[in-house]
Amino acid sequence: MVRPENTPRQRPGEVPELPEVETIVRDLRRLVVGSEISETAVVKSDLIRGDPRAFEESLRDRQIRNVERRAKNIVFHLARAGTGPDRLVINLGMTGRVLVQADSAAEPTHLGVRFRLADGRRMLYQDVRRFGSLELLPSEFWERRSRGLGVEPLSETFTPALLHRLTRTSRVAIKTWLMDQRRVVGIGNIYASEALFRAGVSPRRATRRLLRRQTAALYDAIVEVLNEAIAFRGTTFLDYRDASGERGGFVRRLLVYDREGEPCPRCGSPIRRIVQGGRSTFFCPKCQR
Ligand SMILES: [Zn+2]
């Protein structure tokens, strides 16, 4: 079921979710692991958590050892120099982008931070609306914070049994519950709607009232939709770009999201849009119970 070739419509207000951040992280791993940051310039200091001058200073001559994703955060592992902090954590907020380019390329507008790499390239953090953040901190601090976040849906820890158990205590609607980062991380507005459609579960159903077969179907749908979206390098929406500045290709595979009034790909009934927690939910009232 592929969305017909047309100009992707774009809804404002959507933020990068797990597949978009994972796509960027995989690109960055390929592009910058092993590179050394020679100089850092903070252009928009409100993006930095902590002191911007100390941020610039601490990043001088630091090697990038690895890049990983935790929830919707991009986590750079830096070689430790002396006792300096060794995790650079970037959260893209709504409109953040991390781009890697040659030194000769024209810099984008809305530049937030410029990292010069010792090999002559630049890694740039760009953010139009500036809801994103960059923070340098010791690994132990980061790990403590990371333990407070919910389970990674693509990890081995996440199982149908765990999802069922986690859903037992909540009265909120399952769509809203899925977006709560304290339970399961990385699922936002787009993939919550898509996973619920694939699972045949109504977004309005009270979380703790889901039957075991429904949480099992939802587990499968979450894992499937996230993996598929990663394979297509994420969903194109207003501001998302991967590390090369390209748009994601998953937008044409969305089955219900942003398709209000269009026929359901399974039964042909019109897709409905409702608002839950201030966000649009798209679903088929016939297929989702
Ligand atoms: Zn339907």
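Since we're looking at a predicted model, the values are computed, not measured.

Caption draft 1: The overall build of the chain, seen in detail. Within the chain one finds seven helices and eleven strands. Relative to the compact-globule value of 19 Å for 289 residues, the chain shows a C-alpha radius of gyration of 20 Å, a close match. C-alpha extents for the chain along the principal axes are approximately 60 × 40 × 30 Å. Burial status across the chain gives 54% buried among its 289 residues.

Caption draft 2: Broad picture of the domain arrangement of the chain. Each domain of the chain was delimited in the assignment, giving domain 1 (33-147) and domain 2 (160-283). Distance from the C-alpha centre of domain 1 to the C-alpha centre of domain 2: 30 Å.

Caption draft 3: Structural detail: the environment of Glu194. Relative to the helices and strands, Glu194 resides in helix H6 (residues 189-199). Glu194 sits 155 residues away from Glu39 along the chain, and the two C-alpha atoms are 42 Å apart. If near-sequence neighbours (up to four positions away) are discounted, Glu194 is found in contact with Val225, Arg253, Leu254, Leu255, Val256 and Tyr257.

Caption draft 4: Up close: the sheet that holds strand S2 (residues 48-49). Pairing within the open sheet is mixed, and its nine strands lie in the order S2-S9-S5-S4-S3-S1-S7-S8-S6. The two strands at the open ends of the sheet, each matched to only one other strand, are S2 and strand S6 (96-102). Running at roughly 155 degrees to strand S3 (residues 62-70), helix H1 (residues 18-32) makes contact with S3, strand S4 (73-78), S6, strand S7 (111-117) and strand S8 (121-127) of the sheet. Most of the contacts of helix H3 (residues 139-147) go to strand S9 (residues 133-137), to which it runs at about 125 degrees, and overall it touches S2, S3, S4, strand S5 (87-91) and S9.

Caption draft 5: Here's a closer look at the pattern of salt bridges. Tallied over the full model, the rule gives 24 salt bridges. The salt bridge involving Asp103 is made with Arg122; its shortest N-O contact spans 3.4 Å. Of this pair, Asp103 sits in the loop between S6 and S7 while Arg122 is found in strand S8, placing the two residues 19 residues apart along the sequence. Its relative accessible area of 6% is what places Arg122 among the buried residues. If you follow the salt bridges from partner to partner, you end up with Glu22, Arg26, Arg69, Arg70 and Glu152 in one network.

Caption draft 6: Representation of the pairing of strand S10 (residues 272-276) within the structure. Inspection of the sheet shows S10 paired to strand S11 (residues 279-283) by five bridges, in the antiparallel sense. In the strand pairing of S11, Gln276 is matched with Arg279. Between S10 and S11, which pair antiparallel one after the other, the connecting turn spans two residues, and Gly277 there sits at a positive phi close to 55 degrees.

Caption draft 7: Geometry of the coordination of the zinc ion. Around the zinc ion, the protein contributes the donor atoms Cys264 (SG), Cys267 (SG), Cys284 (SG) and Cys287 (SG), at 2.2 to 2.4 Å from the metal centre. For the zinc ion, the four donor atoms are set out with angles of 102 to 113 degrees between them, so the coordination reads as tetrahedral. Between consecutive donors of the zinc ion, the numbers of intervening residues give the motif C-x2-C-x16-C-x2-C. By relative accessible area, Cys284 is classed as buried at 0%. The class of Cys287 is partly exposed, set by a relative accessible area of 21%.

Caption draft 8: Layout of H6. Across the eleven residues of H6, eleven count as buried, placing the element largely inside the fold. Regarding H6, the residues found buried are Asn189, Ile190, Tyr191, Ala192, Ser193, Glu194, Ala195, Leu196, Phe197, Arg198 and Ala199. Those residues of H6 hidden inside the fold are in contact with H1, helix H5 (174-178), helix H7 (212-231) and S11. Phi turns positive one or two residues past the end of H6, at Gly200, with a value near 70 degrees.

Caption draft 9: Representation of unusual backbone geometry within the structure. The phi dihedral of Arg233 is positive, around 60 degrees, even though this residue is not glycine. Mapped onto the elements, Arg233 comes out in the loop between H7 and S10. Take Arg233: its relative accessible area is 31%, and that puts it in the partly exposed class. In this model, Asp258 sits at a positive phi of 60 degrees, which is unusual for a non-glycine residue. Structurally, the position occupied by Asp258 is in the loop between H7 and S10.

Caption draft 10: Structural detail: the packing of H1 against H7. At their nearest, the axes of H1 and H7 sit 9 Å apart, and the two run at 40 degrees to each other. The orientation of H1 with respect to H7, classified from their angle, is oblique. Crossing angle aside, the handedness with which H1 passes H7 is right-handed. Residues Leu18, Pro19, Glu22, Thr23 and Arg26 of H1 form the contact with H7, whose own contacting residues are Leu226, Ala229 and Ile230. Considered class by class, the residues forming the contact of H1 with H7 number five nonpolar, one polar and two charged.

Scoring rules and cut-offs
Residues numbered from 1 in each chain as written. Predicted model: local features only at pLDDT ≥ 70, side-chain atom pairs only at ≥ 80, totals over all residues. Heavy atoms only, no water. Helix = DSSP H or I, 4+ residues; strand = E, 2+ residues; numbered from the N terminus. Rg over C-alpha atoms; globule rule 2.2 N^0.38 Å. Buried < 20%, exposed > 50% of the residue type's maximum accessible area, 1.4 Å probe, protein only. Domains from an automatic or database assignment. Contact = heavy atoms within 4.5 Å. Pairing = 2+ DSSP bridges. Axes fitted to C-alpha atoms, helices over the stretch in contact; angles between N-to-C directions. Salt bridge = Lys/Arg side-chain N within 4 Å of Asp/Glu carboxyl O. Donors = N, O, S within 2.8 Å, 3.2 Å for Na, K, Ca; no water. Tetrahedral: all angles 85-135°; square planar, octahedral: opposite > 155°, others 65-115°. Parallel < 35°, antiparallel > 145°, perpendicular 65-115°, else oblique. Left-handed = near helix turned anticlockwise from the far one by under 90°. Nonpolar A, V, L, I, M, F, W, Y, C, P; charged D, E, K, R; others polar.

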